[in-house]
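One letter stands for each residue in the lines below.
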Amino acid sequence: MKINKIITSVAALAVISTGLYAGTSNMDVEKMFEKECQGCHGPNHEGGVGSDLRPNVIDKKNAYMLAETILEGRAGTAMPPFNNKMNKGDADKMVDYLQHFKGRKVEVLTLENVTAGWKTLNDRTALMKKYPQAVDVKKNTDICFVTERDAERVTFVDGTTGKILSRHPAGFAVHVTVTNKRQPRYAYSISRSGLVTMFDLNTPGQKKIAEVQVGSDSRGLAVSPDGKYLMAGNYVPGGAILMDAMTLEPLKVYPTTSVINVDGDIGSSRVAGIYDTPYGPYIAFALKDAGHVYIVDYSKPNYPIVGDIPNIGKILHDGFLNEGKEIGRYLFQASQGSDVMGVVDFKTKKLVTKIYTGPSAKPHPGQGSSWYNEGLGQQLGATVNMNLGQVTIWDDNFDVIRQIPTAGGGLFIGTSEHTPFLWADNVLGGPTNWNKIYLINKQSLEVDRILEVGTKKGKITDPVTHKTLYSWSVPTVKDKDGKVLVPRILHAEPANHGKWTMVSEWNAGRIGIYEAKTGKFVKYIKGLTTPTFTYSIEHRQTIPGA
């Protein structure tokens, strides 16, 4: 039996509905919560990026105000408006469901269930012999992944031309893609619905090799630097799954249904970030609700957990590894409930320190940024923060040396050796600011220029003089009701051998390409559906943990 069927049959939610919600709604409230809300608010409504929505927290709150928040969103946070997906009756029904939620049975991750969801789609060895070199591009490292969230697919693009090469169904809300650094012809995706897919980039159309259903709600992926192992992280059932990177055969599971959290209580935990490191034969994974990071040694028999680093903070999320000296030794792990970046040392397998990002900041580094500052003679690191328009920068002593104001909360900050800038988005800054990327000079640590995409015109401006440095025409995009949309832009990714930076325009269905050295507009890749992340195979080859 497939794992999703097992979960559906045994994890039915015990809900008592009062039937008092206003209006008429045909919405399947449980499915809507699982699809749109669970990622931030948790499978048991315990919170995370989003608020704790358990009845003991919200049952006394005004139902009308809660419904209004669902429909209109909450400015300055990650809570978006759902008035394009729900009507008033739907919102009332959701509030009723939340205020009378009785919990769900905690599922235990098992190797048997995951193995039942594994299947081979194409003969990898035969394809390897038939296509020793990439067919659709000059080199397989020229290819970029694009995740099209609402289309439930991944799209492959030639990162040197912008040409779309192929599109593939890959599960609901494809979340993360990674590449095999040892054998870059192989790349992998994971969807929020728990589907892991393996692709061969050398083949015509980037054929699927295998897939495995690891759970019903999943997030992270990492490939070991030796190219042998792939690890996935689950929200439901909680835990991590180690697989053979050449076949996707499940090898071992690490359930997280009974762990000690930062308050000393025993409970279940979702698994957030997954990280490989060139520093040793390790893959680490973060226990979102428990505040731990586990380190697995894949070089030893039975792939044991050899490090358990507790008390990093509450609500762990994403993170990244250091570059420069001793590359990959340190993991910068975001704790959104404690507003810190925990520094985990792979050498000592201990927590070195906590980098405080500011009150209620909610750090969300995404791919993060690590670079060498010549003036300071140090390797620096940076994150954006979800609730504050602020970029936090620290030095190689792990001391915060700069808090740089931006226009609004962000999700991603990226850079490469080919650009003089950190590219920080403001995607949570509301419609007046979510169309901006702040380009921060990596040496002066000041905002150097601001990229802004309007409804008709785009421009790069000097933040001091407000002078327009470059401008270009922008195709106007309208929603289904004919309303003009302000482009919501995020996630800057290097491409084309460092010449370009690719920026997703989420609600406009396109990717903007810009000169990495100047920010000057180059062209658009159009015809996409809610493009969220772009991953350059070439760029990710050099980034530890990416």
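Residues numbered from 1 in each chain as written. Predicted model: local features only at pLDDT ≥ 70, side-chain atom pairs only at ≥ 80, totals over all residues. Heavy atoms only, no water.

A. Quick peek at the packing of helix α4 (residues 63-72) against helix α5 (residues 88-99). Put simply, α4 and α5 touch, their axes get as near as 9 Å, and they point 120° apart. Between α4 and α5, the angle is such that the two are oblique. Of the two elements, α4 crosses α5, and the hand of that crossing is right-handed. Of α5, the residues touching α4 (which contributes A63, Y64, L66, A67, I70 and L71) are K88, A91, D92, M94, V95 and Q99. Grouping the amino acids of the contact of α4 with α5 by side-chain chemistry returns nine nonpolar, one polar and two charged. (Axes fitted to C-alpha atoms, helices over the stretch in contact; angles between N-to-C directions. Helix = DSSP H or I, 4+ residues; strand = E, 2+ residues; numbered from the N terminus. Parallel < 35°, antiparallel > 145°, perpendicular 65-115°, else oblique. Left-handed = near helix turned anticlockwise from the far one by under 90°. Contact = heavy atoms within 4.5 Å. Nonpolar A, V, L, I, M, F, W, Y, C, P; charged D, E, K, R; others polar.)

B. Seen up close, unusual backbone geometry. Here V236 and P237 are connected by a cis peptide whose omega angle stands at -15°. Inspection of the secondary structure assignment puts P237 in the loop between β10 (229-236) and β11 (239-244). Backbone geometry at E326 places phi at a positive 50°, although glycine is not the residue there. Within the secondary structure, E326 sits in the loop between β19 (316-321) and β20 (330-335). Notably, K362 is not glycine yet its phi reads approximately 55°, a positive angle. Along the chain, K362 falls in the loop between β22 (350-356) and β23 (369-373). Residue K362 is classed as buried on the basis of its relative accessible area, which comes to 17%. (Buried < 20%, exposed > 50% of the residue type's maximum accessible area, 1.4 Å probe, protein only.)

C. Main features of α4. Along α4, the residues classified as buried are L66, A67, I70 and L71. Buried residues in α4, looked at end-on, bunch into an arc of 135°, giving them a common side. Facing away from the buried side of α4 by more than 90 degrees, the exposed set consists of Y64 and E72. Summarising the contacts, the buried residues of α4 are in contact with α3 (55-58) and α5. G73, located one to two residues past α4, shows a positive phi value of around 80°. (Arc of directions from axis to C-beta.)

D. The arrangement of the pattern of salt bridges in detail. In total, this model carries 16 salt bridges according to the counting rule given. Notably, a salt bridge pairs E211 with K119, separated by 3.4 Å at the nearest N-O pair. Of this pair, E211 sits in strand β8 (residues 208-213) while K119 is found in strand β1 (residues 118-120), placing the two residues 92 residues apart along the sequence. A relative accessible area of 39% means that K119 is categorised as partly exposed. A salt bridge links E148 to R153; its shortest N-O distance comes to 2.7 Å. In the salt-bridge network here, residues are joined through shared partners; they are E148, R153 and R167. (Salt bridge = Lys/Arg side-chain N within 4 Å of Asp/Glu carboxyl O.)

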